[in-house]
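Okay, here's what each chain looks like letter by letter:
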Amino acid sequence: MKIDQFLCGVIEGYYGRPWSFNQRRILFENCLKFGLNTYVYAPKDDAKHRSRWRDLYTNEESNELSQLIHLAKQFGINFIYALSPGLDIIYSSDKDLNALKRKFDQLSSLGCEHWALLFDDIENEMSQQDKDHFASFAHAQVAVTNQIYDYLNKPNILIFCPTEYCSRMADPSLEKSAYLQTIGNGLHPDIDIFWTGPKVVSRRITVSHILSVNSVLQRRVTIWDNLNANDYDQRRLCMGPLAGRSSNLSSRLSGMLTNPNCEFELNFIPINTLGQWFESIKMNEKREKIDDNDDNNIEKTDLYQVDKAFHHALIQWLPEFNKTKSANDSLQGFKIDHSPQAMSPKITVLSSLNDEDSQDSITEHVPTTSSATKVHTMECDAHGHVIDLTLDDIRFLVELFYLPYEHGPNVQQMFLNFYWLRYNYNPHQDLNEWRCRAAIFHNHAKTLARLLQKLVSIHNRALLYDIYNYINDINSTANLCSKYLQWLDNDHKRTSVFMSGDVEPWSIRGGLAGDFLNILPLGDFQSLIKLDMNSSSNMYIIRPLTSNDQPSMYALCTTICYQDDVDELLNQHSEILADKMIGGYLSNSLNTSVLCFGIDNNDDHLCGFVLTINESEKYDKFLQNKWLEQLHEKYPNVNQDFFEIIECPQWIYERYSVRIQIYLDSTIKSDQIYSLSNKLMKILINNLSKQGYHGCHALIDERNTYLHHLYLQLGFIDIPMIEQDNHIILVGKQF
């Protein structure tokens, strides 16, 4: 980038209905208010931005874009027009190159001065014509982008979005990607590059990561931040504050731009806190100017504090709820009833899950209009006045739809409480604790219902329409969970509704997509496990393993399985222990199980994994017949006894046919190890049972007493059928 300005602002770059002119005008006002300086026009569903990029805008469209560009200038906002031709461009075609030029000429005539060329979310295959002209896909993109840069007279801002725009997409890795190396070497040095971080949606972006990226791309990148994006999941909102991005990143970046929720009104907190983050950068720069010899010199620290920024943003957002604002602006062409009654939550459907011992009362209760009106009266004080929203209300609202990798603290506690209640009801034990915790959950559910009632009465109908489906959905879910707990603890009036399969569609969400996901053996792998609510460092995510995890799995396995007697071998052959323990599994073409999960910690590092071998007898034969031979070839000077393969008795393969091997890093606290392992076992057993399996086993080094004890805690029993001179203990579990 030719200008010395840190770009900080908003990208309208999501998949979905683009924002309206008036919404963008409000965005510019907020950018000015929050201290932001940049807006990128890149809505994927503007056909002339992406799918029909060659087409020029009509006079009516051009007039609106021209007004938008000049409005941005009035507010001091850098208006960047982005074009995304990658779906079908022929890079070597003069016709397509001229089409690009015509499009930019049109926008230039409308007053646009800043540009972006996007090649994200496309196939990396070239046409045969392009293959004849360019050495690679990257060379083709570099050639076109450089030509456009020259054609536009080397503008102050031109940002390029690569096809590999995060580390996870880099093939084979960030440091070794030939594509990224070509982009870094070939693009003009004043052309900036978008980057989303380690992942498409990055939980954290660290200084060390950015330094690595900048080294490969040979410039400071601009972050396209998807932290608050929700276009990949129609039931998800990410309304929480900017987090996981230190303000100390700024000197290593050219900019930070957020690509937020599709729902315009719900982006106040993300954009406001981005403005506070940007302000902290400016304060850090002022500190750097303090004379080093000044006794009052303050050491540079990260001045952006997430909790404080969140609280400050909530205070500023609260008045917006009762600003009179119509929803017509964002729902043009739709006839809308703005009355509070028309937007009343349909909780009467769930209220039919009552204590009456009748299936008909659950499936056939249909409220009349008059009864619905009676149920949905607004929450009022003693004088009949509607009770306004409070700061705590909107904090709870945001925490319900917080960030992609975490719920808000209070909501996370609510979720963990229900999880505990779901699996710890035992009518044969003292239920005092269970009932106390159930009462807490019921109160949370009532608080949520009251919040929905308050929202229905707000004057800002545009905001209500954006949030309504989401808040109504989670309210219905919480209500259902509350009814389930009541059902669970009422033997006298318990019906079979929760176990019968005869349920209403509203209790099983997802439609066709949900049906497909229920078939996949995924379980709830994306579960968030946050065991210590006072520490953000104790969050774990269970997810499926991928081929990219192999290096981390090898390193972790070597650490976990290390014993003093292999020290010399490891000095000579760093992978030998992991080859012995898990190498055969990773190379086994017979393995068809997908029930293999990794555990990521708060830093996105693999801290544990579980391997599931459905047909362990076939697997052991593979080890004996093929893998052992490969190990001997790889390590010809190593005593072959080191690779001895343990064979189980035949009845083990029949009764406990599945092998489950758990590997957990010792850095995980002991109480958390059990919770994580228990969660994994529930996922595995649930899916294995559906596949017709009824037993599993594991092989444990007897010197690893902690792991042995963990398996016993998980319900495995010792099976003394293997000779002990090989240090192996066999444990099994039936289900």
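Residues numbered from 1 in each chain as written. Predicted model: local features only at pLDDT ≥ 70, side-chain atom pairs only at ≥ 80, totals over all residues. Heavy atoms only, no water.

Novice: What am I meant to see in the overall build of the chain here?
Specialist: Within the chain one finds 25 helices and 16 strands. For the chain, buried positions account for 52% of its 735 residues. Looking at the chain alone, contacts between residues at least 24 apart form 77% of all its contacts between residues at least 6 apart. Of the roughly 34600 Å² that the chain leaves accessible, carbon and sulfur atoms contribute 49%. (Helix = DSSP H or I, 4+ residues; strand = E, 2+ residues; numbered from the N terminus. Buried < 20%, exposed > 50% of the residue type's maximum accessible area, 1.4 Å probe, protein only. Contact = heavy atoms within 4.5 Å. Areas by Shrake-Rupley, 256 points an atom, 1.4 Å probe, with all protein chains shown as cover.)

Novice: I keep staring at the packing of helix 21 (residues 576-587) against helix 22 (residues 616-634) and nothing clicks. Help me out?
Specialist: When two helices pack together, you describe them by how their axes are tilted relative to each other and by the distance separating the axes. Orientation of helix 21 relative to helix 22, taken along the N-to-C sense of each, is 115°, at an axis distance of 10 Å. For the element pair helix 21 / helix 22, the angle class is roughly perpendicular. Crossing angle aside, the handedness with which helix 21 passes helix 22 is right-handed. From helix 21, Asp579, Gly583, Gly584, Tyr585 and Ser587 reach across to helix 22, where they touch Tyr619, Phe622, Leu623, Trp627, Leu631 and Lys634. Class assignment of the residues belonging to the contact of helix 21 with helix 22 gives a composition of 6 nonpolar, 3 polar and 2 charged. (Axes fitted to C-alpha atoms, helices over the stretch in contact; angles between N-to-C directions. Parallel < 35°, antiparallel > 145°, perpendicular 65-115°, else oblique. Left-handed = near helix turned anticlockwise from the far one by under 90°. Nonpolar A, V, L, I, M, F, W, Y, C, P; charged D, E, K, R; others polar.)

Novice: What's the story with the confidence of the model for the chain in this structure? I'm lost.
Specialist: For any part of a model where pLDDT is low, the fine detail of the predicted coordinates should not be relied upon. For the chain, the mean per-residue pLDDT works out to 83, and 82% of the residues sit at or above 70. Low pLDDT (under 50) marks residues 521-536, which in the prediction has 55 contacts with non-local residues, meaning those over four places away or in another chain. (pLDDT = per-residue confidence, 0-100.)

Novice: What's the story with the pairing of strand 8 (residues 255-258) in this structure? I'm lost.
Specialist: Remember that side chains alternate between the two faces of the sheet whenever the strand is regular. The side-chain alternation of strand 8 yields two buried faces, one formed by Gly255 and Leu257 and the other by Met256 and Thr258. As paired strands, strand 1 (residues 7-12) and strand 8 are joined by 4 bridges and run parallel to one another. Residue pairing for strand 8: Cys8 is matched across the bridge by Met256. Where strand 7 (residues 222-225) meets strand 8, 4 bridges bridge the pair, whose relative direction is parallel. In the sheet register, Thr222 faces strand 8, and the bridge partner there is Gly255. (Pairing = 2+ DSSP bridges.)

Novice: Would you mind going over the packing of aromatic side chains with me for this structure?
Specialist: For any pair of aromatic rings, the description consists of the separation of the ring centres together with the inter-plane angle of the planes. The tally for this structure, following the rule as stated, stands at 30 aromatic pairs. Centroid distance Tyr14 to Trp19: 5.5 Å. Interplanar angle 50°. Geometry classified as tilted. Each member of the pair Tyr14 and Trp19 is classed as buried. Ring-pair connections join several aromatic residues into one group, and the members of that group are Phe28, Tyr39, Tyr41, Tyr57, Phe79 and Tyr81. Seen from the ring of Tyr405, Arg203 lies directly overhead, with NZ or CZ sitting 4.8 Å from the centre. Seen from the ring of Trp420, Arg437 lies directly overhead, with NZ or CZ sitting 4.0 Å from the centre. (Phe/Tyr/Trp six-rings, centres within 6.5 Å; stacked < 30°, edge-to-face > 60°. Lys NZ or Arg CZ within 6 Å of the ring centre and 35° of its normal.)

Novice: Can you walk me through helix 25 (residues 705-713) in this structure?
Specialist: Note that an α-helix has 3.6 residues per turn; residues three or four places apart therefore point the same way. Taken together, the buried positions of helix 25 are occupied by Leu707, His708, Leu710 and Tyr711. The buried residues of helix 25 occupy one face: seen down the axis, they fall within an arc of 160°. Turning to helix 25, the residues buried within the fold contact strand 13 (658-664), helix 24 (670-690), strand 14 (695-701), strand 15 (717-718) and strand 16 (728-734). One or two positions beyond helix 25, positive phi appears at Gly715, with a value near 100°. (Arc of directions from axis to C-beta.)

Novice: Teacher, can you tell me more about the nonpolar core here?
Specialist: When a protein is soluble and globular, its nonpolar side chains tend to lie buried together. Membership of the largest hydrophobic core comes to 128 residues, with the highest contact counts inside it found for Phe79, Tyr81, Trp277, Ile467 and Ile471. It is helix 16 (residues 461-488) that provides the largest number of residues to this core, a total of 12 residues. Once you skip the residues sitting within four places of it in the chain, Tyr81 turns out to touch Tyr41, Lys48, His49, Tyr57, Lys103, Phe104, Leu107, Cys112, His114, Trp115 and Ala116. Counting residues in each nonpolar core, the second largest holds 32 residues, with Tyr554, Leu606, Phe622 and Tyr663 among its members. (Core = buried A, V, L, I, M, F, W, Y, C linked by side-chain atoms within 4.5 Å.)

Novice: For this particular structure, what's the right way to read the sheet that holds strand 2 (residues 38-41)?
Specialist: Two orientations exist for strands paired in a sheet by backbone hydrogen bonds: parallel and antiparallel. The 8 strands are arranged 1-2-3-4-5-6-7-8 in a closed barrel whose pairing can be described as parallel. Taken over all neighbouring pairs, the strand axes of this sheet differ in orientation by 25° on average, direction set aside. As paired strands, strand 2 and strand 3 (residues 78-83) are joined by 4 bridges and run parallel to one another. Across the sheet, the residue bridging to Tyr39 is Phe79, located in strand 3.

Novice: Looking at this structure, I do not really get the packing of helix 1 (residues 21-34) against helix 2 (residues 59-74). What am I missing?
Specialist: Helix 2 packs onto helix 1 with a crossing angle of 10° between their chain directions and a minimal axis gap of 10 Å. Taken together, the axes of helix 1 and helix 2 lie roughly parallel to each other. Within the contact between the two elements, helix 1 uses Phe21, Arg24, Arg25 and Phe28 and helix 2 uses Glu64, Gln67, Leu68, Leu71 and Ala72. Split into classes, the residues belonging to the contact of helix 1 with helix 2 amount to 5 nonpolar, 1 polar and 3 charged.

Novice: So what exactly am I meant to see when it comes to the pairing of strand 14 here?
Specialist: Extensive coverage of strand 14 is indicated by the burial of 6 of its 7 residues. Bridge count between strand 13 and strand 14: 2 bridges; the pairing is parallel. When the sheet's bridge partners are listed, Val658 is paired in strand 14 with Cys696. On the question of chirality, the crossover connecting strand 13 to the parallel strand 14 by way of helix 24 is right-handed. The pairing of strand 14 with strand 16 spans 7 bridges and is classified as antiparallel. From the neighbouring strand, Ile700 faces strand 16, where its bridge partner is Ile729. (Right-handed = clockwise from strand over helix to strand, strands pointing away.)

Novice: Can you walk me through helix 24 in this structure?
Specialist: Taking 1.5 Å per residue, 21 residues should reach 30 Å; helix 24 reaches 31 Å between its end C-alpha atoms and fits that length. Where helix 24 is concerned, the buried positions are Gln672, Ile673, Leu676, Ser677, Lys679, Leu680, Met681, Ile683, Leu684, Ile685, Asn687 and Leu688. Positive backbone phi, at 95°, marks Gly692, one or two positions downstream of helix 24. (Expected span 1.5 Å × (residues − 1).)

Novice: Please explain the state of the cysteines as it appears in this structure.
Specialist: When the sulfur atoms of two cysteines share a covalent bond, that bond is a disulfide. Counted under the stated rule, the structure contains 0 disulfides. Cys8 takes part in no disulfide bond, and the closest cysteine sulfur, belonging to Cys31, lies 9.0 Å away. (Disulfide = S-S within 2.5 Å.)

Novice: Help me out: how do you make sense of the side chain of Arg24 in this one?
Specialist: One can find Arg24 in helix 1. When near neighbours in sequence (up to four residues on either side) are disregarded, Arg24 contacts Glu12, Pro18, Trp19, Tyr39, Tyr41, Pro43, Glu64 and Leu68.

Novice: Would you explain the environment of Ser173 in this entry?
Specialist: You can see Ser173 is positioned in the loop between strand 5 (158-161) and helix 6 (178-186). Here Ser173 falls in the partly exposed class, since its relative accessible area comes to 21%. It is 9.1 Å that separates the C-alpha atoms of Ser173 and Asn548, two residues lying 375 residues apart in sequence.

Novice: I tried to follow the pattern of salt bridges on my own but got confused; where do I start?
Specialist: Overall, the coordinates contain 25 salt bridges when judged by the stated rule. Salt-bridge contacts for Arg543 lead to Asp600; the nearest nitrogen and oxygen are separated by 2.6 Å. Of this pair, Arg543 sits in strand 10 (residues 539-544) while Asp600 sits in strand 11 (residues 597-600), and the two are 57 residues apart along the sequence. Asp600 carries the same exposure label as Arg543, and that label is buried. Taking the shortest distance from any N to any O, the salt bridge between Asp701 and Arg703 comes out at 2.8 Å. Three or more residues joined by partner-sharing salt bridges are found here, namely Arg54, Asp88 and Asp96. (Salt bridge = Lys/Arg side-chain N within 4 Å of Asp/Glu carboxyl O.)

Novice: Whenever I open this one, the environment of Gly255 confuses me. Can you help?
Specialist: As for its placement among the helices and strands, Gly255 is situated in strand 8. Contact partners of Gly255, with chain neighbours within four places excluded, come to Phe6, Leu7, Val221, Thr222 and Ile223.

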